[in-house]
Amino acid sequence: MKTKIFDFRNNQNYENLREATEIIKNGGLVAIPTETVYGLGGDGLNGESCRKIFEAKNRPMDNPLILHISDISELKRLTRDVKDSDLEILNKLWPGPLTVILKKSKIIPNEVTAGLDTVAIRMPNKEITREFIKLCETPIAAPSANLSTKPSPTSTKSVLEDMDGRIDAVIDGGDCEIGIESTVLDLTEEYPKILRPGYYTKEKLEKFWKIVYIDEGLNNINLTPKSPGQKYKHYAPNAEVQVLIGDDENFRKAVKKILSKNQDKKIGLMIFENDKGKFENENIIYMGNQNDLSYMGKILFDSLRKMDENSVELVVIRGVEEKGYGLSIMNRLKKSASQNVRRV
Ligand code: TXA
Ligand code: MG
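Residues numbered from 1 in each chain as written. Chains lettered and ligands numbered in written order. Predicted model: local features only at pLDDT ≥ 70, side-chain atom pairs only at ≥ 80, totals over all residues. Heavy atoms only, no water.

Draft legend 1. Broad picture of the sheet that holds strand 13 (residues 240-245). Across the sheet, which stays open at both edges, the five strands sit in the order 15-14-16-13-17 with parallel pairing between neighbours. Each edge of the open sheet is held by one strand with a lone partner, namely strand 15 (284-286) and strand 17 (341-343). Across the sheet, the axes of successive neighbouring strands diverge by a mean angle of 20 degrees, strand direction being ignored. Across three bridges, the pairing between strand 13 and strand 17 is parallel. Its bridge partner lying in strand 17, Val243 is registered against Val341. Contacts between helix 9 (residues 248-261) and the sheet are confined to strand 13, strand 14 (267-271), strand 16 (314-318) and strand 17, with strand 16 contributing the most and set at about 175 degrees to the helix. (Pairing = 2+ DSSP bridges. Helix = DSSP H or I, 4+ residues; strand = E, 2+ residues; numbered from the N terminus. Axes fitted to C-alpha atoms, helices over the stretch in contact; angles between N-to-C directions. Contact = heavy atoms within 4.5 Å.)

Draft legend 2. Examining the UniProt feature "domain: YrdC-like" (unreviewed entry) in the chain more closely. Under the UniProt annotation, the feature "domain: YrdC-like" (unreviewed entry) is placed at residues 14-200. The span residues 14-200 shows a helical share of 32% and a strand share of 21%, and its end C-alpha atoms are spaced 31 Å apart. (UniProt positions renumbered as here; feature names shortened; annotations may be inferred.)

Draft legend 3. Here's a closer look at helix 10 (residues 294-309). If you check helix 10, its first and last C-alpha atoms are 24 Å apart, about what 16 residues at 1.5 Å a residue would give, namely 22 Å. Met296, Gly297, Ile299, Leu300, Phe301, Ser303, Leu304, Arg305 and Met307 are the residues of helix 10 that are buried. Positive backbone phi, at 55 degrees, marks Ser311, one or two positions downstream of helix 10. (Expected span 1.5 Å × (residues − 1). Buried < 20%, exposed > 50% of the residue type's maximum accessible area, 1.4 Å probe, protein only.)

Draft legend 4. How the structure looks around the UniProt feature "binding site: ATP" (unreviewed entry) in the chain. As annotated by UniProt and renumbered to match this structure, "binding site: ATP" (unreviewed entry) occupies Arg59, Asn63, Thr118, Ser144, Ser152, Arg196 and Tyr235. An extended arrangement is adopted by the annotated residues: their sequence extent is 177 residues, and the largest C-alpha distance between any two is 25.2 Å. Among the residues just listed, Arg59, Asn63, Thr118, Ser144, Arg196 and Tyr235 line the largest pocket. Within the fold, Ser144 resides in the loop between strand 8 (140-141) and helix 7 (156-163). Ignoring anything within four residues of it in the chain, the contact list for Ser144 reads Val37, Tyr38, Gly39, Leu40, Lys57, Ser152 and Pro153. (1 Å grid on protein atoms, 1.4 Å probe; cavity = no way out; pocket = protein on both sides within 12 Å on 5 of 7 lines; lining within 4 Å.)

Draft legend 5. Fine view of the pattern of salt bridges. Per the counting criterion, the structure on display carries 29 salt bridges. Measuring nitrogen to oxygen at the nearest pair gives 2.3 Å for the salt bridge that ties Glu19 to Lys4. One end of the pair, Glu19, is in helix 1 (residues 14-25); the other, Lys4, is in strand 1 (residues 4-7), with 15 residues separating them in the sequence. For Glu19, a relative accessible area of 33% puts it in the partly exposed group. Residue Arg51 pairs with Glu111 through a salt bridge whose shortest N-O separation is 2.4 Å. Of this pair, Arg51 sits in helix 2 (residues 47-57) while Glu111 is found in helix 5 (residues 110-113), placing the two residues 60 residues apart along the sequence. In this structure Arg51 comes out as partly exposed when scored by relative accessible area, which is 33%. Ionic contacts of the salt-bridge type, sharing partners, join the residues Lys157, Glu161, Asp162, Arg305 and Glu309 into one network. (Salt bridge = Lys/Arg side-chain N within 4 Å of Asp/Glu carboxyl O.)

Draft legend 6. Just the site of ligand 1, in detail. Taken together, 29 residues surround ligand 1, and among them Thr36, Asn63, His68, Ser182 and Gly229 come closest. For ligand 1, an oxygen atom lies 2.9 Å from a polar atom in the side chain of Arg122. Taking 680 Å² as the accessible area of ligand 1 by itself, protein coverage stands at 98%. The cavity where ligand 1 resides is the largest pocket. The dominant element in the shell around ligand 1, judged by the number of residues it contributes, is strand 7 (residues 118-122), at four residues. (Near = heavy atom within 4 Å. Polar contact = N/O pair within 3.5 Å; in protein donor to acceptor, adjacent residues only side chain to side chain. Areas by Shrake-Rupley, 256 points an atom, 1.4 Å probe, with all protein chains shown as cover. Sits in = over half its atoms within 2 Å of the grid points.)

Draft legend 7. Layout of the packing of aromatic side chains. The tally for this structure, following the rule as stated, stands at five aromatic pairs. Seen in terms of ring centroids, Tyr191 and Tyr213 are 5.7 Å apart; in terms of plane orientation they differ by 75 degrees. Their pairing is edge-to-face. Placement of Tyr191 in the loop between strand 10 (183-186) and strand 11 (193-196) and of Tyr213 in strand 12 (residues 213-214) is noted, with a sequence separation of 22 residues between them. Plain terms: the ring middles of Tyr235 and Phe301 are 5.0 Å apart, the flat faces sit at 20 degrees to each other, and that makes the pair stacked. In this pair, Tyr235 is assigned in the loop between strand 12 and strand 13 and Phe301 in helix 10, connecting sequence segments 66 residues apart. Like Tyr235, the residue Phe301 is buried in the burial classification. (Phe/Tyr/Trp six-rings, centres within 6.5 Å; stacked < 30°, edge-to-face > 60°.)

Draft legend 8. Geometry of a nonpolar patch on the surface. A grouping of Tyr191, Ile211 and Tyr213 is seen on the molecular surface, where their side chains present a nonpolar patch of about 270 Å² in accessible area. Take Tyr213: its relative accessible area is 41%, and that puts it in the partly exposed class. (Patch = residues over 30% accessible without salt bridge, like charges linked within 9 Å, V, L, I, M, F, W, Y side chains within 5 Å.)

Encoded structure:
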């Protein structure tokens, strides 16, 4: 299969959008840009298309998909028992990097929900993508458009690295602004609960819901996380990844030790601007300012992919404290490092 690229970086040429729509209507797969990461889209009400998504990604069938919608009114036919107060809040937070778990309606195929009684729904904050969903006249089921276990793609280049020849087309909407996936929030219990931390933090969501819990299964390896995706290996480059957390002095000491002990290895560093000039190494990626993690989030997955491109064998990453957006970033880093995280 040859994967077509529809260039929408400047939002022009709506004729192409119609061609992409035809692919979805015929049961094919089109990767879509969103503000978080690229999604691997298929017709969310067509079980056969959804099966193709799992195949293209090598995704375990028990990991359910997110349905992407273009208008909040679509919730009516996809879900049941939604609280009015939740609807009011979603009206304010959507479109945006928030996925909600709701009770599913009968029309949703089992492939989407992996047999669960609930469904994940999100309205992405990218105009071209909402326009596309609207033209498709169906919710678009879309997991991140990477091969299973690999870092999520934040550009068309990354999508093609994993999916060229495996999907019909990609809508190129340029680089994703946020760079890590949406917050997954369960709304099926008395209080909302974060099942996957993302750009919208607990603190931000508590401005709307007052009390928001975080799934205990996320950080306790003895509990099963409520979001099936959280239990899998994820975000892993080919290189080994080590995450170190500590103050400037201890962090730099620890890195220098690793560099001198592993002189036979190609090592890459992902560090902050204030570490500039502190290490002798050719593979350094700067992740912006430690006090504003938005840039780190934006380039995180792309940087892991770049390390592989440069045949780096060991990536040492400067970790951050697990609070605010740092919690979401560390959730991804711990997985890409297979829990190889050390305080120094
Ligand atoms: O930002 C995002 O959310 C991106 C873009 C493309 O929208 N999508 C994304 O999809 O990250 P994916 O499939 O990589 O992650 C979806 C997560 C998985 O951890 C999955 O287990 C969880 O949502 N999920 C889906 N349906 C669920 C359900 N009914 N109950 C609990 N968790 C669910
Ligand atoms: Mg994913």
